[in-house]
2 protein chains.
Amino acid sequence: MSSAQSPNLSINAQRLWDTLMETAKIGATPKGGIKRLTLTDLDKQVRDWFVAQCEALGCTVSVDAMGNIFALRAGRNGDLAPIACGSHLDTQPTGGKFDGILGVLAGLEVLRTLDEAGYETNRPFMVTNWTNEEGSRFAPAMLSSGVYAGALDLDYAYGRTDKDGATVGEELERIGYKGDALVGDQDFHAFFELHIEQGPILEAEDTVIGVVTDGQGQRWFNCTVVGRESHAGTTPMPLRKDALAGTSELVLAIEQIAKDNAPFAVGTVGVVEIAEPSRNVIPGTVDFTAEFRHPSDAVLDRMTDALRVRAAEIADRRGLDITVDAIWDYAAVKFDRGCVAAVQEAADSFGYSNREMVSGAGHDACYVNRRAPTSMVFIPCKDGISHNELEDATFEDCAAGANVLLRAMLAYDRDHG
Amino acid sequence: MSSAQSPNLSINAQRLWDTLMETAKIGATPKGGIKRLTLTDLDKQVRDWFVAQCEALGCTVSVDAMGNIFALRAGRNGDLAPIACGSHLDTQPTGGKFDGILGVLAGLEVLRTLDEAGYETNRPFMVTNWTNEEGSRFAPAMLSSGVYAGALDLDYAYGRTDKDGATVGEELERIGYKGDALVGDQDFHAFFELHIEQGPILEAEDTVIGVVTDGQGQRWFNCTVVGRESHAGTTPMPLRKDALAGTSELVLAIEQIAKDNAPFAVGTVGVVEIAEPSRNVIPGTVDFTAEFRHPSDAVLDRMTDALRVRAAEIADRRGLDITVDAIWDYAAVKFDRGCVAAVQEAADSFGYSNREMVSGAGHDACYVNRRAPTSMVFIPCKDGISHNELEDATFEDCAAGANVLLRAMLAYDRDHG
C-alpha cells in the first residue's frame, strides 16, 4: 500500500531486544560484553547469521571487495538507488553489546517490520554492515566505509596488518567475504545510521533521541616543552625553566580555548610524559598530546591559532622552547538537512523527547556522507560509557531508536521516493 | 706562634688542585667524572690514601664504628675539643670531581698549610671524612653523620642494603673501616664544611663565596587527583572531571606558593603519572609528587596549609577527589651565627665577593649542626650542575673556598680557642 503520509508503523521492541541478546552470544565475554574482532571466525559467524536472516526475508544480499554486506529489500521502483541504513557488527576487544551492532540489527528489525506489514516502499530499502569500523585489529577505524567513500585506497586497506602480521586482504579471503562487487559501486539515495551516543548528554538531559546534525572535525597535536632540568632544592624560582609548569599552563589553555568555543568545542590533553622524571629534579622536557574537536573547520582553525598564540606567549615568558606539531586532522561533517528533517519528523511522530546534537566520535556515516545524503540517530547509553564491556542501553531506548530509524526512512521514501 | 689576630695564612692553590686531580683518578670515568661508591674497593683506596696523607703530617687518625675518619692535628691545648672541617669522599654513580671531595681535600690542604707554616693553633684542628653521604648505594643519604648526630640508629645504619643485598655493616668490615671508636664520641668545638653550591646562584651573580647561614627544611608529598575517565570526543566540557586539568592547577599553585614566599622558598612537582593514559581519553586519575623547601619550619607549615587550601578549592570547583599525603619532612637547619661570622670575616679578609645564602641540598653539616656549632662555605659550580660527570669548579674558586675555610677556622680558634 502507498500513502501520501508515511505509515504509522512501529518495530517490534521485544524482537529487536531478543535479537540483540542472541547475537551478543557470538563472542560474549564473562563481564557481559563482546569480543568479536573484525574478520575473525566470530565475525564470520555473525556475518553468516546476518546474511541468512536477510535472505530469509527475501532480500538480495551482495558483498563487495571489502566485505561490506548489502541486504536489499525490493520496493515499487526496483531500479532506483535504495534508502539505506546500517552500521557495523565488529567490536572492540572489550566492547559492549550495542556499539555498531544496534544500527545493523535495528536495520534488520526495520526489514522484518516492513515484511510483516506487507508494506511496499517506493524505493528499495537496504541494510548495510560495514567491515572494520572499530580499527582495533587493523588500524585505522572506519576502514571500509573509508574505501567506499573514496577517502582510502583499496590496496592500502588490503595491506593493513594486525599485530600478528595478517592482512585485511588475506583475512577477507579466509572468511569468505572478499566479494565480487566493486567497492563504491553501491549507490544510496540516503543513508541513516542509528548508534548509541557514547557520551553523557542524552542521559544527563533525560532525552531519548539525538537528532544528529553534524560530526566533529578533529585536530590532533604532538607538543613538546623544553626547559632546563635542574636540582629542585638548589635552583631558586626566578632561575627555573620548568617544562612541567609551562605544560600545565598549556593544559589549562587548551581547556579554556574549548570553553571559549562552547557549546560544541572540546579540547583534551590525554598523555603527558616527563623525560626521566625524578621527585627532586625540575622537569626539563615534557611531551604531551592535545586534540580539539568542533563541527566547524573554521572554528577549528581559530582554536588552533589560539593554541599557537598561547604557546608562543608562555614560551616567551618562561624562557621555554615549545613546539606544537599538527599530526592529523579530520574534516567536520555536515549531515544532510533533508535526512535530519526526516529523523526529526520521526521522533516527533512518536512523541519522543529529542534534541539536535553533534557526534563527538567518528562513524561510518561520516564517510558515507561524502557519497549520499546521510544523518544519524542517537540513543542514550548508561553513564555515557562505550568501548567497555559494561556498555549498556535500555530496552525502551533501543526500541525508540529503531522506531525513529524506521519512520525516518519511510518519511524520506515518501518525500524523495 | 699565637697572635691576637689570626694569621694571614693562605693555602697553596696549586697543591690543592693537584690533589683534587690526583685523587680523581681513583674511580675516574671516561667523561671526566668519578664513580666511587661508598664502601667499595675504590672507596677503600681513597680512604687509605687520605689516612696516609694525614699521618704523614703527624696527625692522629681514628675511625669510628661507622667508618667515619677523624684526622687530628694537635694544638696548644691538647685536651680541648677540636675545631673541625670535612665532608665526604664517596660519590654518585655518575658523580663529579668536587661534590664532597673538595671539603675533605681542602681540609687536608688546611693541615698542610699549617704544618708548612709551623703554626700552632689554640685548639686541635681536625679533618673528617663522613661515610656514605650520597645515599646512592645505600639509602638514605648522610647516613653516618646521621648516626653521629643521634638522628639514626647504628643498627639501622648497619642493616641498610644495596641492590645486591650487601649490608653497610658487612662492607665496613670488608674494607677494614669498622673502627673501634663509638659513633658520636668525637666532640667538635665547631665544624665547617666547604662544598660546591650545586645550584646556579653564585655563578649567576658572579660571586665567589657563599656564606651559608641556613639549610632548607623540606616537606615531601604524594598527591592523587581522581576525576572520571571518559571519551575525549563525546564528553562536553561542562560534564568533565578532568584529573589532569586539576593537576595542572595544582602544579601552578605549588609554583605560586613558593613565589609567594620568596626569596628562599622553592616548590617543585617532579613526577606526574596519568593512569592508563590515552590520547583520546580524558585523564581520570593522576598521581604526582610535590615538595617544598624553605629555611623556616614555620613558613613550611604555612606553605603546606596553603597547598591544602588550594587543593580543597580546586577539588570542590571541579568535582574532583584530591589527596595530599605528607610522606617525609626534614627540619630546617639554622647554622651557628658564630661560625657564620667567622666565615664572613674570612671571606672579607681576602676581599672575595660574597653573599649570605641558604643551602638547598642536604649535607653532613646539617646533621653535625645538632651536635656542634656548624656552618658551611659554598663556591660556584659551572651552570650549577652537580650529580653529573660534567660537574666543574675553577682552580681559583676552589682555592678561594679553601682559603676561606682556613681563615674561618683560625678566626674561630682565635675567638673560641
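Definitions and cut-offs
- Residues numbered from 1 in each chain as written.
- Chains lettered and ligands numbered in written order.
- Predicted model: local features only at pLDDT ≥ 70, side-chain atom pairs only at ≥ 80, totals over all residues.
- Heavy atoms only, no water.
- Contact = heavy atoms within 4.5 Å.
- Buried area = accessible area lost by both parts, 1.4 Å probe.
- Salt bridge = Lys/Arg side-chain N within 4 Å of Asp/Glu carboxyl O.
- Polar contact = N/O pair within 3.5 Å; in protein donor to acceptor, adjacent residues only side chain to side chain.
- Helix = DSSP H or I, 4+ residues; strand = E, 2+ residues; numbered from the N terminus.
- Phe/Tyr/Trp six-rings, centres within 6.5 Å; stacked < 30°, edge-to-face > 60°.
- Buried < 20%, exposed > 50% of the residue type's maximum accessible area, 1.4 Å probe, protein only.

Trainee: Can you walk me through the interface of chain A and chain B in this structure?
Mentor: When the parts of a complex come together, some accessible area is lost, and that lost area is often taken as the interface size. Listed as interface residues are 52 residues of chain A and, on the opposing side, 52 residues of chain B. The junction of chain A with chain B conceals about 4000 Å² of combined surface from both sides, 62% of it contributed by carbon and sulfur atoms. Inspection of the chain A/chain B interface yields two salt bridges. The shortest N-O distance in the salt bridge between glutamate 255 of chain A and arginine 318 of chain B comes to 2.7 Å. Taken together, the connections running from chain A to chain B amount to 14 residue pairs in polar contact (both at pLDDT 80 or more). For the side of chain A that touches chain B, the secondary structure elements donating two or more residues are α7 (201–204), β7 (217–226), α8 (243–260), β9 (266–268), β10 (272–274), β11 (281–282) and β12 (285–294) of chain A. Of the residues forming the side of chain A that touches chain B, the biggest block, nine residues, is contributed by α8 of chain A.

Trainee: Sorry, what's going on with the packing of aromatic side chains here?
Mentor: Centre-to-centre distance and the angle between the planes together describe a pair of aromatic rings. Residue and element names in this part refer to chain A. This structure, assessed with the given rule, holds 30 aromatic pairs over all chains. Their ring planes at 55° and their centres at 5.8 Å tell us that tryptophan 17 and phenylalanine 395 sit as a pair that is tilted. Here tryptophan 17, found in helix α1 (residues 13–23), pairs with phenylalanine 395, found in helix α12 (residues 395–416); they are 378 residues apart in sequence, far enough to count as distant. Taking 6.0 Å as the distance between ring centres and 90° as the angle between the ring planes, the aromatic pair formed by phenylalanine 70 and tryptophan 130 counts as edge-to-face.

Trainee: Teacher, can you tell me more about the side chain of glutamate 255 of chain A here?
Mentor: Here glutamate 255 of chain A is to be found in helix α8. Those residues in contact with glutamate 255 of chain A that sit more than four places away from it in its chain are Met237, Ala245 and Arg318 of chain B.

Trainee: Help me out: how do you make sense of the pattern of salt bridges in this one?
Mentor: In a structure, side chains of opposite charge can pair up when their charged atoms sit close to one another. Residues and elements named next belong to chain A. With the rule as written, the count across this model stands at 52 salt bridges over all chains. Its salt-bridge partner being glutamate 109, residue arginine 15 comes within 2.8 Å of it at the nearest N-O pair. With arginine 15 in helix α1 and glutamate 109 in helix α3 (residues 101–117), the pair connects residues that are 94 residues apart, well separated along the chain. Judged by relative accessible area, glutamate 109 falls into the buried class, the value being 1%. Residues arginine 137 and aspartate 162 are paired through a salt bridge, measuring 2.9 Å at the closest nitrogen-oxygen approach. Of this pair, arginine 137 sits in the loop between β4 (125–129) and α4 (143–148) while aspartate 162 sits in the loop between α5 (154–159) and α6 (168–174), and the two are 25 residues apart along the sequence. On the basis of relative accessible area, arginine 137 is assigned to the buried category, the value being 17%. Classification of aspartate 162 by relative accessible area gives buried; the value is 10%.

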